[in-house]
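Chain and residue survey
Take a look at the letters that make up each chain.
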Amino acid sequence: LCFSSCATKTYEKLYFFSPDGDKQWTGTCLPASSSKRVTLAARRLQISRVSEPEKASMAVAVVSIPRSLCAWKPLPGLDSSPWLAYYRRSAGKRCYLVVMPRRDPSCFLKSIPDTVPLSSLIAPRLGTHETMALYGWPISQCQSVTLGAQLNSGIRVIDIRLAINGNRLISFHGIVSQYTAFSDVLHQLHAFLTAPSTCSETVVVSIKQEDDDTRRFPQLVREEIMKSPGGLDMWYLEDRIPNLGEVRGKAVMFSRFGGDGWTGGAVGIHPPVWPDSARLGFTWDCKGTIIRVQDW
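Everything in this summary refers to the structure shown in the same document. Values in this document were obtained by computation on a predicted structure and should not be read as measured data.

1. A word on the packing of aromatic side chains
Counted according to the given criterion, the structure contains 7 aromatic pairs. For the ring pair Phe-257 and Trp-262, a centre distance of 6.2 Å and an interplane angle of 50 degrees mean the geometry is tilted. Here the two residues Phe-257 and Trp-262 agree in accessibility, since each one is buried. A centroid spacing of 6.2 Å and a plane angle of 25 degrees characterise the contact between Phe-282 and Trp-284, whose relative ring orientation is stacked. A cation sits over an aromatic face here: Arg-222 above Trp-262, 5.4 Å from the ring centre. Over the aromatic face of Trp-274 sits the side chain of Arg-256, whose NZ or CZ is 3.6 Å from the ring centroid.

In structure tokens:
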């Protein structure tokens, strides 16, 4: 199994060692940006990055594949290598392995073409539930790291839940305050999306109302965005799924509130219904793209 890169004339060879020590490998070539999922009964894995035409190994990693049964887990032993690997070992002594090049998670969208739809990029593991819920363990706390740390670790969908406190919006989880002002969230988003190293990125921002003042809430959301760095120009507000090139350096609004006070009621991607605690998820058609959401 090889990962090849025509531009750099390098490729990866993966050698699998069976329990009796025999070395086995296949010569399937893939783009260097791809990952590969394989099934094997091997106990040990060697990865070599080879340079053409000298065929000299530029990097080598040798790791053992744990024998215990498990769901998907990171393969240990690759921390200082150019690769990431995940494995799952099931009954029947079979191991399922995914190997991929290591990337900087803070700017991983940089290498993806502008023409790729956002729906092809955004997956559940790229988001956090109750992003700002940092307080109230064990009832209301859902996160342990700050918004900035989440964004730099590769999170690209954030779940911001707000309630009115006087004349401003504050992060809440249900009735429990999470103390962070919406204005602080907006400043952190602007800093991330305009920094030279991360301006290639985009962030889908789900905003949910946690109080019952349906008249003032959408007006305050708009007012605070307008007063924040970047203002409304930093936001994608159409109710359709954009291509990545349309939203680099922007926040994509995913609204869970009404459009009162917004021009034409335009509050971004807006599901027509939202079942309460839909553990199995729900779907809807957004201008020809089927979107699936799980809220649990």
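2. Some words on the pattern of salt bridges
All told, the structure shown has 8 salt bridges when counted by the stated rule. With its nearest N and O atoms 2.6 Å apart, the salt bridge here joins Arg-248 to Asp-114. A residue pair is termed long-range when its members are at least 10 positions apart, and Arg-248 in the loop between helix H4 (244-247) and strand E16 (251-256) and Asp-114 in the loop between strand E10 (94-101) and helix H1 (147-152) qualify at 134 residues. Here Arg-248 falls in the partly exposed class, since its relative accessible area comes to 22%. One salt-bridge network, held together by shared partners, links Glu-130, Asp-159 and Arg-161.

3. Structural notes on helix H3 (residues 216-227)
For H3, spanning 12 residues, the distance from its first C-alpha to its last is 16 Å, which sits close to the expected 16 Å at 1.5 Å a residue. Taken together, the buried positions of H3 are Phe-217, Pro-218, Leu-220, Val-221, Arg-222, Glu-224 and Ile-225.

4. Quick word on the layout of surface pockets
Empty space among the atoms becomes apparent when a probe as large as a water molecule is rolled across them. Considered as a void within the structure, the second largest pocket measures approximately 810 Å³ in volume. In terms of lining, the second largest pocket is formed by 28 residues, of which the most central are Ile-122, Val-157, Arg-292, Val-293 and Gln-294. With 5 residues, the single largest contributor to the lining of the second largest pocket is strand E18 (residues 289-293).

5. Description of the side chain of Arg-256
Relative to the assigned elements, Arg-256 resides in strand E16. Ignoring anything within four residues of it in the chain, the contact list for Arg-256 reads Arg-161, Ser-206, Ile-207, Lys-208, Gln-209, Trp-274 and Asp-295.

About the cut-offs
Every chain's residues receive numbers from 1 upward, in the order its sequence appears when written. A pLDDT threshold of at least 70 governs which residues receive local features in this predicted model, and a stricter bar of 80 or more applies before side-chain atom pairs are shown or counted, although totals over entire chains, interfaces and linings include all residues. Only hydrogens and water are set aside; all other atoms, that is, all heavy atoms of the structure, feed into the side-chain values. What counts as a ring pair is set by centres within 6.5 Å for rings of Phe, Tyr and Trp (its six-membered ring), and what kind of pair is set by the plane angle: stacked under 30 degrees, edge-to-face over 60, tilted for all other angles. Throughout this description, buried means an accessible area under 20% of the type-specific maximum (1.4 Å probe, protein chains only), exposed means over 50%, and partly exposed covers the range between. Only Lys NZ and Arg CZ are tested; either one counts as a charge over a ring when it is within 6 Å of the ring centre and within 35 degrees of the ring normal. By salt bridge we mean one thing: a side-chain nitrogen of Lys or Arg within 4 Å of a carboxyl oxygen of Asp or Glu. Helical segments are the DSSP runs of H or I of at least four residues, strand segments are the runs of E of at least two, and each set is numbered from the N terminus. In a helix, the anticipated span is given by 1.5 Å times the number of residues less one. Note on definitions: the grid is 1 Å and covers protein atoms alone; a cavity is a set of points where a 1.4 Å probe fits but cannot get out; a pocket is an open set with protein on both sides within 12 Å along at least five of seven lines; lining residues have an atom within 4 Å of a point. Grid points are joined across faces, edges and corners, and a volume is the space filled by probe spheres set on the points. Should any heavy atoms of two residues lie within 4.5 Å, those residues are counted as being in contact.

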